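Listed below, chain by chain, are the residues.
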Amino acid sequence: MASTLPSRRNFLALSGLTALSVSLTAACGAGDSGGTPADDGKVSLAWWNIATTEPGKSLFPRISAAFTAAHPNVEIDTTSLENEAFKAKLTATTSSGKLPDVFQTWGGGVLRQQVDAGLVEDLTDLLDWSSRLTPISLQAYQFDGRTYGVPYDIGMVGFWYNKKLFAQAGIAAPPTTWAGLLEDVRKLKAAGTTPIALAGKEKWPGHYYWAYLAMRVAGLPALQQAATAKDFTGAGFVQAGAHLKELVDLQPFQTAFLGAGYATPGGQAATMGNGKAAMELMGQWGPSVQKDAGAGLGADLGFFPFPTVDGGVGRATEVFGGGGGFALRKGAPKEALDFVRFFVLENQSELLASNGYLPVVKGAESRLTEANRKAVADSLVRATGFQLFLDQAYPPAVGQEVNDSVAGLIAGEKTPEQVTASITEAAKSA
């Protein structure tokens, strides 16, 4: 953790970058779509990302422009899509056997499926700079000892809360147990405050609750074993759903939450950022989207880890989350990896300064100054276990069923037992 960020002068010396570029050319060969050099030596890269909210909405184009300014032979054709729209488009593109030159990935089972289909470039022998990245940030992009993606952000899901609303409800400190959380929900409701903001329409935010409860009740190894055995019907998973139903029965969410989006006007992030709800369970990007969609809470915003569950075997130091990364299509031109390296290493300081991302470069965490971001980073440093988002860790059909079934439970349409049965059925069919 002692290495430092590269200087701009050293990076743009390009000595290592040139050697890396040559090796990628040899490894990739000529691409069959996009990114192929024209007769005039120009290279056009297709880059897909999810930067539709700040800070990425402004930062990503600036990084792209800086790269093309330093590499005038390269043009970058950027497609930025909202989270769910991106997943749908990438799934359709994957089914057609084609991928963009550089594309957003969260790793896990989705990336593994693309790798198994022969659509993703193996970067293992090309990343002579991977030792500069934290091991936990690379984990989601590695399979069978090989590396297929490069992270630019890593973090965890936890509760972001409004200190002012907590104080008004007589809550002196964030809860550390599930029973304590439920009690605080009751106190917030009694004070006339909406306890929790949730984007029920988009489903993925809801799956965070069930996933964390499964980790806290059954333990992290149980999730991994269930994925291998393709059986999620164990008592711990049913109990996770029962605990989530305890929360749902308290009616803690904002009015019309089932139709609410995440980053949309009036959605989860805006409800939280405008001070109209006391909590949201969200990843490290939460504060920046709150500010982008709403006013932002400033000094009133706090963070606490997901509570433990009485009688559960999971520990508070087992964290759930992930970050963003980029993968390359099989046969992508050398400039594609040049761009990813530039994005991650040369722009780590810019990513951190934007307050929307957490460090993946060793030692960069020392640059964090904002209290909540430091709290998230410190939790990651102390983590004794890590679980990737379930809708990314598992094959796409299984991850989607997790989202759909948990959404059904939250909407009162499924029982805890039906949730585990549906996920198990999807796992066995995948």
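In this text, all values refer to a predicted model and were calculated from it rather than measured experimentally.

Colleague: Hey, could you run me through the pattern of salt bridges in this one?
Modeller: Close approach of charged atoms allows side chains of opposite charge to pair. What the rule picks out here adds up to 12 salt bridges. In this structure, the salt-bridge partner of Lys87 is Asp391, at a minimum N-O distance of 3.4 Å. Of this pair, Lys87 sits in helix H4 (residues 83-95) while Asp391 sits in helix H17 (residues 390-393), and the two are 304 residues apart along the sequence. Asp391 shares its class with Lys87; the two are buried. A salt bridge links Lys245 to Asp249; the nearest nitrogen and oxygen atoms lie 3.0 Å apart. Pair noted here: Lys245 and Asp249 are both in helix H11 (residues 235-249), with a separation of four residues, about one helical turn. Overall, Lys245 belongs to the partly exposed group, its relative accessible area being 36%. Ionic contacts of the salt-bridge type, sharing partners, join the residues Glu84, Lys87 and Asp391 into one network.

Colleague: I'm lost on the sheet that holds strand E11 (residues 325-328) in this one. Help?
Modeller: Two strands in a sheet stick together by hydrogen bonds in their backbones, pointing the same way (parallel) or opposite ways (antiparallel). Read from one edge to the other, the open sheet built from five strands follows the order E2-E1-E3-E11-E6, with strand pairing classed as mixed. Each having just a single partner strand, strand E2 (74-80) and strand E6 (150-151) make up the two edges of the open sheet. Two elements, strand E1 (residues 43-49) and E2, share seven bridges in a ladder whose sense is parallel. From the neighbouring strand, Ser44 faces E2, where its bridge partner is Glu75. Strands E1, E2 and E11 of the sheet are contacted by helix H3 (residues 56-70), whose axis makes an angle of about 170° with E2.

Colleague: Explanation requested: the packing of aromatic side chains in the structure shown.
Modeller: Tallied over the full model, the rule gives 36 aromatic pairs. Arranged with centres 5.3 Å apart and planes meeting at 65°, the rings of Phe67 and Phe339 form a pair that is edge-to-face. Linking Phe67 in helix H3 with Phe339 in helix H14 (residues 334-346), this pair joins segments that are 272 residues apart in sequence. Each member of the pair Phe67 and Phe339 is classed as buried. Look at Trp178 and Phe306: their rings are 5.7 Å apart centre to centre, the planes differ by 20°, and that puts the pair in the stacked class. Of this pair, Trp178 sits in helix H8 (residues 178-190) while Phe306 sits in the loop between strand E9 (301-304) and strand E10 (318-321); the two residues are 128 residues apart in sequence, bridging distant segments of the chain. Across from the ring centre of Trp106, 5.4 Å away, lies the NZ or CZ of Lys87, which sits over that ring.

Calculation rules
Residues numbered from 1 in each chain as written. Predicted model: local features only at pLDDT ≥ 70, side-chain atom pairs only at ≥ 80, totals over all residues. Heavy atoms only, no water. Salt bridge = Lys/Arg side-chain N within 4 Å of Asp/Glu carboxyl O. Helix = DSSP H or I, 4+ residues; strand = E, 2+ residues; numbered from the N terminus. Buried < 20%, exposed > 50% of the residue type's maximum accessible area, 1.4 Å probe, protein only. Pairing = 2+ DSSP bridges. Contact = heavy atoms within 4.5 Å. Axes fitted to C-alpha atoms, helices over the stretch in contact; angles between N-to-C directions. Phe/Tyr/Trp six-rings, centres within 6.5 Å; stacked < 30°, edge-to-face > 60°. Lys NZ or Arg CZ within 6 Å of the ring centre and 35° of its normal.

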